[in-house]
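# Examining the three-dimensional arrangement
So you can see what is in the structure, the chains are spelled out below.
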Amino acid sequence: MFKCKTVWNKLAPLARASSTLCLQNARKSALRHGRRLEMVQKAQMSSGPAGGGGENTLYYVLIGATCLGAGVYAYRTVSEDKERYNERMTEIVSRPKQGPQAAEAVAEVVAESKEEPVAEEPTLTEADVESTESEPIAEAPVTKPIVEEPVTEPTVQASIPEPTVESPIREPVVEASVIEPVAEAPAVTQSEEPLAPVVESETEPTAVIIAEHVPEASSVSESAAVPKAAPAAEPVEPTAAPSDVPEHAPYLLIGGGTASFAAARSIRARDPGARVLIVTEESDLPYMRPPLSKELWFSDDPKAIETLHFKQWNGKERSIYFQPPSFYVSPADLAKVENGGVAVLTGRKVVHMDVRGNKVKLSDGAEISYEKCLIATGGVPRNLQVIERAGEEVMKRTTLFRKIEDFRSLEKISGEVKSIIIIGGGFLGSELACALGRRSTDVGLEVIQMFPEKGNMGKVLPEYLSNWTTEKVRKEGVSVITDAVVKNVTYKNDKLEIKLKDGRLFKTDHIVAAVGLEPSVDLAKSAGLEVDSDFGGYRVNAELQACSNIWVAGDAACFYDIKLGRRRVEHHDHAVVSGRLAGENMTGASKPYWHQSMFWSDLGPDVGYEAIGIVDSSLPTVGVFAKATAKDTPKAATEQSGTGIRSESETEAVAGALKAKTTATPPPIQQKEDYGKGVIFYLRDQVVVGIVLWNVFNRMPIARKIIKDGEQHADLNEVAKLFNIHED
């Protein structure tokens, strides 16, 4: 249509110019000779006989007919294009949804209208518009908003949920088209971005302006009010502010583990009036996890399963919980208490983070705003894919050990079944194997441990020490199956059948999968946080900060170690230290993380070890051992320190300075049949990067200083003397 108008705009001036030229020539001839038309040169006007005046008349007739024909053709063309344009716009408006294709079609038309303005069309007048009320499109070319601004004000009014405020009733055509979008989009809530529909279809105003449902203008006000009432009808609103959920927490800690509690204690130490809210998915208050696979299994108290009180190796009793319930304040009263406090919101999971708005959304729809936030979500236990694919019956008989409820469930199962297979030869798998093996004789339980390595903790300990540990586990009543790679798991005749790749088949009643931990990074997408592709977890800077006002600590933090490079550590001591540092930095300390965290493992009360740094069996190792005494056991260590959580007894006392020697090469590994106690050094480029203290306790500050110095040592036997392993 617009192209035809353009043609007419070009033809009309030519026709007018031709007519004007003819009239001017005729007038000049008449004035010059005193009479009209006869004085024109006959040879140029006609090929007929001379003396006649009909030649000029014929010329005028031809010119007039040409102009008239051109005008009629242009008028008919414009009229037909106008009808096609009306039909096309009516079809678009009558569609149930304004999809992307309709929006593109409208966009093309609007783009053409921008390229070729129609404001100067001579054939369309106000009278024409009034005489064509049945064609509402006739008004569109005259309207300035369409010519100058494709996205007019009616567009915004039709997209946002309050069209009745800005859209006047004098334009019922615009409001009538809002009926369908409102009815088709009931899912839009207050929490969503209201301008999202405009982004998807910016050309809807063209369709809106030509809407033909003028008689429905009376019902427009009712439908336009729907967006205002929609948020109240959403299920999110009734639960947005439950009585026990505070609307705001100055310090918000996501996760209820060791790192969160350490951060809360650190925040309160630096800011006594701080109000700290811990949100945890579990139903328990913050607690320590190590006793779940260690001391709790050796308790003689039948009530320990419920009370979660246990006796340490030194005989002293303590609770698995860091603090009793009286230590915490109610979440509902957090904003009211005079001197602040720590509140724990249990059974809630943070499912979304709005970093720009400084608020989080919980699984029940409630929202909490914050000023500073810590992510300490830890991780979830890994499972074998062959078990996940085995079906529901196999999954029901498989335990992924991590929480208090897992401990209680496995303790109950161990007294009901006849056989349990533990898959995994690491810290957790070996500890659970020894714990269950101890009670196997009393309850008649068969305990089998299988793993792909050649010995227990084969990825950590050197081969000779791993083999010795395997024999120790077997003496606890456990059948250890090495070089075992699970091929498939099935459930037949009330038994689980585990088939290995080498063809061996084992039957059992229950499976415990202890094959590692997967860091929980569910909030990375909504919060826009970076996840490390090599180690997993949220990448943080030296101050454990992921972005503005957000810190990460514990198992979920992937931090940069200035001595050992980027790492992610999954141990209790790291959770304590990183949580404490994150809490200090949340209150403005700005301290870097330089601490070398330690970890420990006990295979019962007689054998245990502590480790620090990178302990990887693939690295070269040097071991120095000595004869053990009665004092060189985990039980004796707890008696001396007074606590079973040995990292809590550490002091940051500075160890004596070490003098490096360069005269000799490191000695070969000193192998013995009985490794009573000793020190194992892990080397990388002749520098000690990891140390294992085998039945040597309370010497971790010395090991930490050796790694911090980063020096080459010619004689590691001399270095081992710093740990006093040769003292009786």
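All values derive from a computational prediction rather than experimental measurement. (Residues numbered from 1 in each chain as written. Predicted model: local features only at pLDDT ≥ 70, side-chain atom pairs only at ≥ 80, totals over all residues. Heavy atoms only, no water.)

### Looking at a nonpolar patch on the surface
This is how the line gets drawn: The patch calculation keeps residues exceeding 30% relative accessible area without a salt bridge and links them within 9 Å when they carry like charges or within 5 Å when they are nonpolar (Val, Leu, Ile, Met, Phe, Trp, Tyr). The protein chains shown are the only cover counted for residues, whose accessible areas, like all others here, come from Shrake-Rupley with a 1.4 Å probe. One speaks of a salt bridge when a side-chain nitrogen belonging to Lys or Arg is within 4 Å of a carboxyl oxygen belonging to Asp or Glu. Put simply, DSSP marks the helices as runs of H or I at least four residues long and the strands as runs of E at least two long, and each gets a number from the N terminus on.
Residues Tyr 560, Ile 562 and Trp 594 make up a contiguous nonpolar surface patch of about 370 Å² in total accessible area. On the secondary structure map, Tyr 560 appears in strand E22 (residues 557–561).

### Some words on the sheet that holds strand E17 (residues 510–513)
Strand-to-strand pairing in sheets goes through backbone hydrogen bonds, with the strands running parallel or antiparallel. This is how it is decided: Strands are labelled as partners when DSSP assigns at least two bridges between them. Axis definition: a line fit to C-alpha positions, over the contact stretch in the case of helices; interaxial angles, taken between N-to-C directions, run 0 to 180 degrees. The contact criterion used is simple: two residues touch if any of their non-hydrogen atoms lie within 4.5 Å.
Taking strand neighbours across the sheet as the criterion, the 5 strands line up as E10-E17-E11-E12-E13 in an open arrangement whose pairing is parallel. Both edges of this open sheet fall to strand E10 (398–400) and strand E13 (478–481), since each of them pairs with a single strand only. In this sheet, adjacent strand axes meet at a mean angle of 20 degrees when their direction is disregarded. Strand contacts of helix H19 (residues 404–414): E10, strand E11 (419–423) and E17, with the helix running at about 150 degrees to E17, the strand carrying the most contacts. Taken strand by strand, helix H20 (residues 427–443) contacts E11, strand E12 (446–450), E13 and E17, and its axis lies near 160 degrees from that of E12.

### Some points on the nonpolar core
Generally speaking, a soluble globular protein has its nonpolar side chains buried in company with each other. The condition that has to hold: Take the buried residues of types Ala, Val, Leu, Ile, Met, Phe, Trp, Tyr and Cys, join any two whose side-chain atoms come within 4.5 Å, and each joined set is a nonpolar core. Categorising residues by exposure relies on relative accessible area from a 1.4 Å probe, with only protein chains included: less than 20% of the type maximum marks a residue as buried, more than 50% marks it as exposed, and the intermediate range marks it as partly exposed.
Formed by 128 residues in total, the largest nonpolar core has its most connected members in Met 353, Phe 681, Ile 691, Trp 694 and Phe 723. At 6 residues, strand E28 (residues 687–694) tops the list of elements feeding residues into this core. Contacts of Phe 681, omitting those with residues within four sequence positions, involve Pro 620, Thr 621, Val 622, Val 688, Gly 690, Ile 691, Leu 716, Val 719, Ala 720 and Phe 723. Ranked by size, the runner-up nonpolar core spans 16 residues in total, among them Val 386, Ile 387, Val 394 and Met 450.

### Regarding the environment of Asp 555
Mapped onto the fold, Asp 555 is located in the loop between strand E21 (550–552) and E22. Separated by 20 residues in the primary sequence, Asp 555 and Ala 575 place their C-alpha atoms 6.9 Å from one another. When sequence neighbours within four positions are dropped, the list of residues in contact with Asp 555 reads Gly 378, Arg 402, Leu 517, Pro 519, Arg 568, Val 569, Glu 570 and His 571.

### Quick notes on H20
Keep this limit in mind: The span one expects for a helix is its residue count, reduced by one, times 1.5 Å. At every residue, the bend is computed as the angle between two fitted axes, covering the seven residues ending there and the seven beginning there respectively.
Between its first and last C-alpha atoms H20 spans 24 Å; for 17 residues at 1.5 Å apiece the expected length is 24 Å, and the two agree. At Gly 437, H20 shows its maximal bend, which comes to roughly 25 degrees. If you check which residues of H20 are buried, you get Gly 429, Ser 430, Glu 431, Leu 432, Ala 433, Cys 434, Ala 435, Leu 436, Gly 437, Arg 439 and Ser 440. Gly 444 sits one or two positions beyond H20 and adopts a positive phi of about 70 degrees.

### Side note on the side chain of His 510
The criterion, for reference: Each polar contact in these results corresponds to two N or O atoms within 3.5 Å; when the atoms are within protein, one needs to be able to donate a hydrogen and the other to accept it, and residues that are neighboring in sequence are counted only if both atoms are side-chain atoms.
By the secondary structure assignment, His 510 is in strand E17. Judged by its relative accessible area of 4%, His 510 falls in the buried class. From its side chain, His 510 meets the backbone oxygen of Arg 397 in a polar contact 3.1 Å long. Setting aside anything within four residues of it in sequence, one finds His 510 in contact with Arg 397, Thr 398, Thr 399, Leu 410, Ile 413, Ser 419, Ile 420, Ile 421 and Leu 496.

### What about the confidence of the model for the chain?
This is how it is decided: Confidence scores per residue from the predictor, reported as pLDDT, run from 0 to 100.
Confidence along the chain averages 75 in pLDDT terms, with 65% of residues attaining 70 or more. Between residues 648–672, whose pLDDT stays under 50, and residues either more than four places distant or in other chains, the model counts 54 contacts.

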